[in-house]
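What follows is each chain in one-letter form.
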Amino acid sequence: TALASAPESWKYTPVLFKGGFIDGWPDLFFSVQEAISKGTNYINPETKKITTLTGIGVHLNPMTETAGFDFDGVGCNRNFEHHFGRSPKELPPTITTTSGRPARCQMLFRVPKHYWKFIKGTTLELESCSDIELRWGHGIQSVVTGRHPNKEKEGQGFYSFVPGRSPKDVDLAELPEWACERWVEITRNKIKKDRPYLKKETREELEKDSERIKPFLKKYYQPANKYQDYWDWLHVGMTLHHVGKSLGNEYKHFEDWLEWSKEMDNFKSENECYDKWDSFGKSDNPRKF
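Residues numbered from 1 in each chain as written. Predicted model: local features only at pLDDT ≥ 70, side-chain atom pairs only at ≥ 80, totals over all residues. Heavy atoms only, no water.

Draft legend 1. Spotlight on the overall build of the chain. Looking only at helices and strands, the chain has 7 helices and 13 strands in total. Its C-alpha atoms put the chain at 60 × 45 × 35 Å along the principal axes. The proportion of buried residues among the 289 residues of the chain is 47%. Accessible area of the chain: about 15300 Å², with a carbon and sulfur share of 48%. Charge-centre separation for the chain: the mean point of 43 positive side chains lies 3 Å from the mean point of 42 negative side chains. (Helix = DSSP H or I, 4+ residues; strand = E, 2+ residues; numbered from the N terminus. Buried < 20%, exposed > 50% of the residue type's maximum accessible area, 1.4 Å probe, protein only. Areas by Shrake-Rupley, 256 points an atom, 1.4 Å probe, with all protein chains shown as cover. Lys, Arg positive; Asp, Glu negative; His and termini not counted. Charge placed at Lys NZ, Arg CZ, Asp CG, Glu CD.)

Draft legend 2. Molecular detail of the packing of helix α6 (residues 254-261) against helix α7 (residues 270-279). One can describe the packing of α6 onto α7 by two numbers: an axis separation of 11 Å at closest approach and a directional angle of 135°. Between α6 and α7, the crossing angle belongs to the class labelled oblique. Viewed along their axes, α6 and α7 form a crossing whose handedness is right-handed. Residues Phe-254, Glu-255, Trp-257, Leu-258 and Ser-261 of α6 touch α7, and the partners they reach there are Glu-270, Cys-273, Tyr-274, Lys-276 and Trp-277. Among the residues forming the contact of α6 with α7, the class breakdown is 6 nonpolar, 1 polar and 3 charged. (Axes fitted to C-alpha atoms, helices over the stretch in contact; angles between N-to-C directions. Parallel < 35°, antiparallel > 145°, perpendicular 65-115°, else oblique. Left-handed = near helix turned anticlockwise from the far one by under 90°. Contact = heavy atoms within 4.5 Å. Nonpolar A, V, L, I, M, F, W, Y, C, P; charged D, E, K, R; others polar.)

Draft legend 3. The nonpolar core, seen in detail. In this structure, Phe-69, Phe-84, Leu-91, Trp-257 and Trp-260 are the most contacted members of the largest nonpolar core, which totals 46 residues. The dominant element in this core, judged by the number of residues it contributes, is helix α3 (residues 177-193), at 6 residues. Every residue in contact with Trp-260, bar those within four places of it in the chain, is listed here: Leu-217, Tyr-221, Gln-222, Ala-224, Tyr-227, Trp-233 and Val-236. Counting residues in hydrophobic clusters, the runner-up holds 22 residues, among them Ala-6, Ile-22, Val-58 and Ile-140. (Core = buried A, V, L, I, M, F, W, Y, C linked by side-chain atoms within 4.5 Å.)

Draft legend 4. Molecular detail of the packing of aromatic side chains. Scanning all chains against the criterion turns up 28 aromatic pairs. Seen from their ring centres, Phe-21 and Tyr-42 are 5.9 Å apart, and the 65° between their planes marks the pair as edge-to-face. Remark: Tyr-42 occurs in strand β3 (residues 42-43) and Phe-21 occurs in the loop between β2 (19-20) and α1 (32-39); sequence separation between them is 21 residues. On the accessibility criterion, Tyr-42 (15% relative accessible area) is buried. Ring centres of Tyr-230 and Trp-231 lie 5.2 Å apart, and the angle between their planes is 80°; this geometry places the pair in the edge-to-face category. For Trp-231, a relative accessible area of 49% puts it in the partly exposed group. (Phe/Tyr/Trp six-rings, centres within 6.5 Å; stacked < 30°, edge-to-face > 60°.)

Draft legend 5. The arrangement of the pairing of strand β10 (residues 132-135) in detail. Here strand β6 (residues 66-72) pairs with β10 via 4 bridges, running antiparallel. Bridge pairing in β10 places Phe-69 opposite Leu-134. (Pairing = 2+ DSSP bridges.)

Draft legend 6. Highlighting the pattern of salt bridges. Inspection of the entire model under this criterion finds 16 salt bridges. For the salt bridge of Lys-276 with Asp-27, the shortest nitrogen-to-oxygen distance reads 2.5 Å. Linking Lys-276 in helix α7 with Asp-27 in the loop between β2 and α1, this pair joins segments that are 249 residues apart in sequence. Salt-bridge contacts for Asp-278 lead to Lys-120; the nearest nitrogen and oxygen are separated by 2.9 Å. (Salt bridge = Lys/Arg side-chain N within 4 Å of Asp/Glu carboxyl O.)

Draft legend 7. Representation of the pairing of strand β12 (residues 158-161) in the model. Summarising the sheet, strand β7 (residues 96-98) and β12 pair through 2 bridges and their orientation is antiparallel. Considered in β12, the bridge of Thr-98 is made with Ser-160. Looking at chain direction, strand β11 (residues 141-147) and β12 are connected through 2 bridges and run antiparallel. Of the residues in β12, the one forming a bridge with Gly-146 is Tyr-159.

Draft legend 8. Structural detail: the side chain of Ser-160. For Ser-160, the location among the structural elements is in strand β12. For Ser-160, a relative accessible area of 19% corresponds to the buried category. In this structure the side chain of Ser-160 is engaged in a polar contact, spanning 2.8 Å, whose partner is the side chain of Gln-156. Excluding anything up to four places from it in sequence, Ser-160 contacts Thr-96, Thr-97 and Thr-98. (Polar contact = N/O pair within 3.5 Å; in protein donor to acceptor, adjacent residues only side chain to side chain.)

Draft legend 9. Examining the state of the cysteines more closely. Overall, the coordinates contain 0 disulfides when judged by the stated rule. Considering cysteine sulfurs only, Cys-76 is the nearest to Cys-105, which forms no disulfide, with 8.2 Å between them. You can call Cys-105 partly exposed: its relative accessible area is 24%. (Disulfide = S-S within 2.5 Å.)

Draft legend 10. Structural view of the packing of helix α5 (residues 230-246) against α7. Relative to each other, α5 and α7 sit at 60°, their axes nearing to 10 Å. By the angle between their axes, α5 is oblique relative to α7. In terms of crossing hand, the pair formed by α5 and α7 is right-handed. Every residue of α7 that contacts α5 at Tyr-230, Trp-233, Leu-234, Gly-237, Leu-240 and His-241 is listed here: Glu-272, Cys-273, Lys-276 and Trp-277. When the residues that make up the contact of α5 with α7 are grouped by side-chain class, the tally is 6 nonpolar, 2 polar and 2 charged.

These results come straight from atomic positions and should not be treated as a statement about function.
Here is the structure:
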């Protein structure tokens, strides 16, 4: 019943304990009732096995404009203070879930659109402290209601909202500026530590490709409706993403793809474009210009 008061932007997926199981679930965004219907007696297309949901998860990405700060045990406060320079008590009251296990909860926040391009989901670690997971991105969801595995036998056996922090009691708070800015820094530092993005093109070749993107979209990829088939549309986005990321700016050509996508009759939303863009670039054999 608490989900009846949840933010209108929230979209859901059926889960089996902690994970989504519907084929292609990261790209499927259901209402609560649709999630229950789709996840009841679901037949896996490959194994033909029947699975029924144990709960419902909310997508944490631009489609819902929502991110999760998952505090996973004792010492999380010190871990948070180490990475953010402030106490988690300074975060505003917001919708919060828990499995009932000690020192475990997940605070959900609305992320200001300006920061969508600059943050990535990550795990914050600190010696002798439990981890904090910053949950945001394509294919990320968190269970808001349903059964919890409770293997350690120290929880309540199900997910629930913290008393006084359900959608009936409190609004979804916007993540404060100071937290957003620090998250951006954490993301940048993590990208620097990760292995370099694979690319064989020279800088000169990449810059030439970058310069040609706008005129190519205007001259050769018209009318845009001709390319509104899902995979045609997606492949163009993947290619533009590769050029920008290889030049060190992942979102360099996002607006080009977005404006071109808006010309299509089946264009859904800017949020969907953000979510898809976040899913690009994870292959060692990317689509190139």
